[in-house]
Amino acid sequence: MRTISIKTISSLLLLFIFSTSWAQSQVTGIVTDNQNNFLPGANIIIKGTKYNTSSDANGKFSLDTHEKLPFTLLIQYVGYTTKEIKIIQPTEAPLEISLTPEGENVLVEVVVSSRRRIEKVQDVPIAISVVTGKQAEQTGAFNVNRIKELVPSVQLYSSNPRNTGINIRGLGSPFGLTNDGIDPGVGFYVDGVYYARPAATTLDFIDVEQIEVLRGPQGTLFGKNTTSGAFNITSRKPSFTSGADFEVSYGNYAYLQAKASVTGALSKKIAGRLSFSGTQRDGVIDNIATGKPTNTLNNQGIRGQLLYKPTENTNITLAGDITTQHNDGYAQVVAGVAPTQRKPYRQFDAIIADLNYQLPSLNAFDRKIDHDTPWRSNQDLGGASLNIDTKIGNGTLTSTTAWRFWTWDPSNDRDFTGLQVLAKSQNPSRQTQITQEVRYAGKITSRITGVAGFFFIDQTSKTKGTEESGNAQWRFSQQSVNYNNNGVSTPVPLALWETPDLLEGYGIKTDAKIHSASTAVFGQLDWAVTEKLHVLPGLRYNFDKKIADYNRKTYGGLQTTDPQLLAIKKAVYTDQQFSTDIDDTDFSGNITVSYKATDKINVYGTYAKSYKPVGVNVAGLPTPPAGQTLSDLAVVKPENVNHYEFGVKTSPFKNSILNLTYYDTNIKDFQTNVQAAELGVNRGYLANADEVRVRGIELDASINVNKHFTLYGAATYSDGKYVKFTNAPLPLEETGTTTADGKAVNYKDVSGTDLPGVSKWAGSLSGEYTKDAKFFSNAGKFFIALDGYARSEFSSSPSASKYLVVPGYAIFNGRLGFRASEGLSIHVWGRNLLNKNYYEQLLPAGGNSGQYAAVLGDQITYGITLKYSL
């Protein structure tokens, strides 16, 4: 990574030097304070439109008007009085804008584009959390997993990139292992492009301007329907004014992160931006079998953008990116052993005793493993997009065309031990998608504005997997089975499970494919009944189609015709094949009423009817119950969502924000993940829970106490329940339960119990102290900051298990340093400062033998970051 970083940054620097000769703009200016110090990162907006930019390290900015004269510029900067400048006639001379510091620190009015126009977040009748790119950089939140520490309504669970679920308010993806056959409930957008694979959330952000987290159903503003919310991420755009940023961080565990970005004009009508990010770190878990640490970081990404302005009213942006993650990582550590209801010889402790094996540690936080199968989590994600924005009439027509791909090349040790139970467990995949969105947003009448659009996505996922037994499989799978003895069902002697080579090398090869397409028409109006009262109806029509083919074949092991030995092999793996072709249509929508009582109080209420499309299992399925086939189990019914939300956004006193939201979400036919006791489906499969409900309260607050001290806080209370789920999987400790007459019990009624992954309480609190200072003659600010994040316990199993409850925890991160207005910035940082031992997730081993493993939170890490802006 170091060599690639140096080459990439050198290329970026050459582009920066070349671009300086082509700088041009329609409206240019320099933003300074009243002492003529440059103000980098000032927000410059054409008031009432979506057009905006920010000043560079030298306070310079350029902005294309796209508006008929006269128009008004809004200039914002933290700690300074917001200024409005009315532009009456064209001017070629750069504007000289001086902002006056407030007597106390001013809370910046954050602007968002979630409703397809630039507006203040406090004016938007949607629950939104905003993290700026600078805030993400300062706090070390370089991916979504760290954003959740700033936005406690967000949950991300990842046992590896493929098996990643991102939820908002406890809803979005089935908790546990991922299945390609369903759509995520949380949308993930980067510069207007929808990313269909949740694995994208595990990768580093590249040159991010702002991250908007929208909570609740979002189907009438965004192309892809989402039931739980959306991430709306915007990258920093190309500029006709040259600029460059270079950043490098060093830390313990040989942590190295490098970032670079350059922008500038390439001709009079073309500007470019090239950005790079790379992260490297040694492992934080010791594998005593190999003598090497595992769970490394090795991420690299590059993004290029070209902006072409053929006319004053049209922007055409061509963007391309590729990100690679080639980690020796995502190993899970055995966290404990649950006694099951199986016979004594089938308990985990008895099994490993017979095999003369001991775990390397009974304490997960010793961070020791002895896994014999290498861990590999290689993924590549990339694509290209073409975005056209053109002003037509009183609005803007936007077209976004994109192609993306994702490849996945893993190796896992799903038994979590040094025994050869599963010698191979890997499902390499490739996903490709094409998306097209056309959207018009603007003013319809003097009182009505709106957005209307069309969206299409076509995607294909292909998986060729391998799962293979090792020499210890016989003991973990050993159980009573019967064979056909001349028409009589006869027990197979348990001793035959020890037959040499019977199961070693015996496995399944899977060929799975799913092709899905979705088309939608959507729109939302904003009717200003009065200046204060707005009514916002929205409607969406969707058509979804999924075609899936699944075929797995057994191979290897001892080749035999002995019916007793064949019965044993079939008890471990069987051939399985099914095909499904299904489509569905749906009307959904919402209505919001917003009332802005004063400039400081905005109240709103929303009802939304939403849905998640029909799903299809493209992984192994359990043996169907009587009267059902594999094809019956393969189809997962769509979710039907009824959502109510009430919110108030306030500014109770100067330089403060206090927002409160209540929500109540009810879902029929909730798509959930089921972990089966059958080894052949150890990745779980999808099923419908009859009904679930999540309700809660969210609090967002910030206050600038004085010109030096700022506080930010957020808290959530969530109550997530299965209203009705009568055919849930058995909890781990109840595996092997039988009825009084000896029949196996496979399901449990868990109605009224907690949903997995949902903490009752979660919250974050951040404070920062700043003071004007100079460092190597550069004007800037000294700062010291502390961030805290906490959550209460939560269930880590689809059916609540007392062994799979993640205890609550709190972690603290801090930073101290100097931010320069231009030139060099430097700060030291630490994460998990109290070195708290905590789990992020608990999960049972394949086959539910009793052992369960943990995804561990990182121990204390610390380092130093240097940044230089040109």
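Residues numbered from 1 in each chain as written. Predicted model: local features only at pLDDT ≥ 70, side-chain atom pairs only at ≥ 80, totals over all residues. Heavy atoms only, no water.

Points about the overall build of the protein chain
- The number of helices and strands found in the protein chain is seven helices and 53 strands.
- Its C-alpha atoms give the protein chain a radius of gyration of 28 Å, near enough to 29 Å, the size a compact globule of 870 residues would have.
- Projected onto the principal axes, the alpha-carbon positions of the protein chain cover approximately 100 × 55 × 45 Å.
- When contacts within the protein chain are restricted to residue pairs at least 6 apart in sequence, long-range pairs at least 24 apart make up 70% of them.
- Just so you have it, the protein chain exposes about 34,000 Å², and 57% of that area is on carbon and sulfur atoms. (Helix = DSSP H or I, 4+ residues; strand = E, 2+ residues; numbered from the N terminus. Rg over C-alpha atoms; globule rule 2.2 N^0.38 Å. Contact = heavy atoms within 4.5 Å. Areas by Shrake-Rupley, 256 points an atom, 1.4 Å probe, with all protein chains shown as cover.)

Digging into the side chain of Thr314
- Relative to the helices and strands, Thr314 is located in strand β23 (residues 314–327).
- The exposure class assigned to Thr314 is buried, which follows from its relative accessible area of 13%.
- Within the structure, Thr314 has its side chain in polar contact with the side chain of Thr311 (distance 3.3 Å).
- A polar atom in the side chain of Thr314 sits 3.0 Å from the side chain of Thr390. (Buried < 20%, exposed > 50% of the residue type's maximum accessible area, 1.4 Å probe, protein only. Polar contact = N/O pair within 3.5 Å; in protein donor to acceptor, adjacent residues only side chain to side chain.)

Focus: the environment of Lys546
- You can see Lys546 is positioned in strand β34 (residues 533–555).
- Taking C-alpha positions, Lys546 is 32 Å from Tyr663, a pair spaced 117 residues apart along the chain.
- Filtering out sequence-adjacent residues up to four positions away, Lys546 remains in contact with Gly181, Asp183, Ile514, His515, Ser516, Thr580, Asp581, Ile582, Pro613, Val614, Gly615 and Val616.
- A distance of 3.0 Å separates a polar side-chain atom of Lys546 from the backbone oxygen of Val614.

Quick notes on the pattern of salt bridges
- This model, assessed by the stated rule, comprises 36 salt bridges.
- Of the charged contacts, one joins Arg197 and Asp180 as a salt bridge, the two residues approaching to 2.8 Å between their closest N and O atoms. Of this pair, Arg197 sits in the loop between β14 (193–194) and β15 (208–215) while Asp180 is found in the loop between β12 (164–168) and β13 (186–190), placing the two residues 17 residues apart along the sequence.
- Judged by its relative accessible area of 6%, Arg197 is buried.
- The closest approach of N and O atoms between Arg376 and Asp409, which form a salt bridge, is 3.3 Å. Here Arg376, found in strand β26 (residues 376–392), pairs with Asp409, found in strand β27 (residues 395–411); they are 33 residues apart in sequence, far enough to count as distant.
- The class for Asp409 is partly exposed, based on a relative accessible area of 33%.
- The network of salt bridges with common partners includes Arg169, Arg215, Glu645, Glu698 and Asp700. (Salt bridge = Lys/Arg side-chain N within 4 Å of Asp/Glu carboxyl O.)

Some words on the sheet that holds strand β25 (residues 368–369)
- Strands sit in the order β21-β20-β25 across an open sheet of three strands; the sheet is mixed. The open sheet terminates on both sides in strands that have one partner only, identified here as β21 (292–294) and β25.
- Where strand β20 (residues 285–287) and β21 come together, three bridges link them in antiparallel fashion. By the bridge assignment for β21, Asp286 is matched with Pro293. (Pairing = 2+ DSSP bridges.)

What to know about a nonpolar patch on the surface
- On the surface, Val438, Phe454, Val521, Leu539, Tyr541, Phe543 and Phe587 cluster together to form a nonpolar patch covering roughly 620 Å² of accessible area.
- The biggest single contributor to the nonpolar patch is β34, with three residues.
- Here Leu539 lies in strand β34.
- You can call Leu539 exposed: its relative accessible area is 54%. (Patch = residues over 30% accessible without salt bridge, like charges linked within 9 Å, V, L, I, M, F, W, Y side chains within 5 Å.)

Describing the packing of aromatic side chains
- Scanning the model with the defined rule gives 21 aromatic pairs in all.
- Chaining the aromatic ring pairs together yields one cluster made of Tyr189, Tyr194, Phe222 and Phe455.
- When the ring centre of Tyr663 is taken as origin, the NZ or CZ atom of Arg169, which lies over that ring, is 4.2 Å away.
- Its guanidinium or amino end placed over the ring of Tyr195, Arg404 lies 3.9 Å from that ring's centre, counting from NZ or CZ. (Phe/Tyr/Trp six-rings, centres within 6.5 Å; stacked < 30°, edge-to-face > 60°. Lys NZ or Arg CZ within 6 Å of the ring centre and 35° of its normal.)

Structural notes on helix α6 (residues 563–572)
- Buried within α6 we find Gln564, Leu565, Ala567, Ile568, Lys569 and Val572.
- Summarising the contacts, the buried residues of α6 are in contact with β30 (448–469), α5 (473–477) and β31 (482–485).

A look at the sheet that holds strand β5 (residues 71–76)
- In space, the four strands of this open sheet follow the order β3-β2-β5-β6, with antiparallel pairing throughout. On the outer flanks of this sheet lie β3 (52–54) and β6 (83–87), each paired with one strand and no other. Across the sheet, the mean angle from the axis of one strand to that of its neighbour is 20 degrees, orientation sign disregarded.
- Here β5 runs beside β6; their pairing, made up of five bridges, is antiparallel. Residue pairing for β6: Ile75 is matched across the bridge by Lys83. (Axes fitted to C-alpha atoms, helices over the stretch in contact; angles between N-to-C directions.)

Some points on the confidence of the model for the protein chain
- Taken residue by residue, the protein chain gives an average pLDDT of 87. The fraction at 70 or more is 92%.
- Least confident of the elements in the protein chain is helix α1 (residues 2–19), whose mean pLDDT is 52; most confident is strand β48 (residues 805–806), at 96. (pLDDT = per-residue confidence, 0-100.)

Overview of the nonpolar core
- If you look at the biggest cluster of nonpolar residues, it comprises 29 residues, and the most contacted ones within it are Ile147, Phe188, Ile211 and Phe231.
- Residue assignment for this core shows that the elements contributing at least two residues are α3 (144–147), β11 (154–158), β12, β13, β15, β16 (229–235) and β27.
- If near-sequence neighbours (up to four positions away) are discounted, Ile147 is found in contact with Val131, Ala141, Phe205, Ile211 and Phe231.
- By size, the runner-up hydrophobic cluster in this structure holds 21 residues, among which are Val284, Leu842, Ala854 and Leu856. (Core = buried A, V, L, I, M, F, W, Y, C linked by side-chain atoms within 4.5 Å.)

What about the environment of Thr665?
- Within the secondary structure, Thr665 is located in strand β40 (residues 656–674).
- Considering only alpha carbons, one finds Thr665 and Gly59, 606 residues apart in sequence, at a separation of 46 Å.
- Every residue in contact with Thr665, bar those within four places of it in the chain, is listed here: Leu171, Val641, Asn642, His643, Val692, Arg693 and Val694.
- Polar side-chain contacts of Thr665 include one of 2.8 Å to the side chain of His643.

Observations concerning unusual backbone geometry
- A positive phi is found at Tyr253, a non-glycine position, where the angle reads about 55 degrees.
- Take Tyr253: it is sitting in the loop between β17 (243–251) and β18 (255–265).
- Overall, the relative accessible area of 30% leaves Tyr253 in the partly exposed class.
- Residues other than glycine seldom take positive phi values, yet Asp501 does so here, at roughly 65 degrees.
- Of note, Asp501 is situated in the loop between β32 (488–491) and β33 (507–528).

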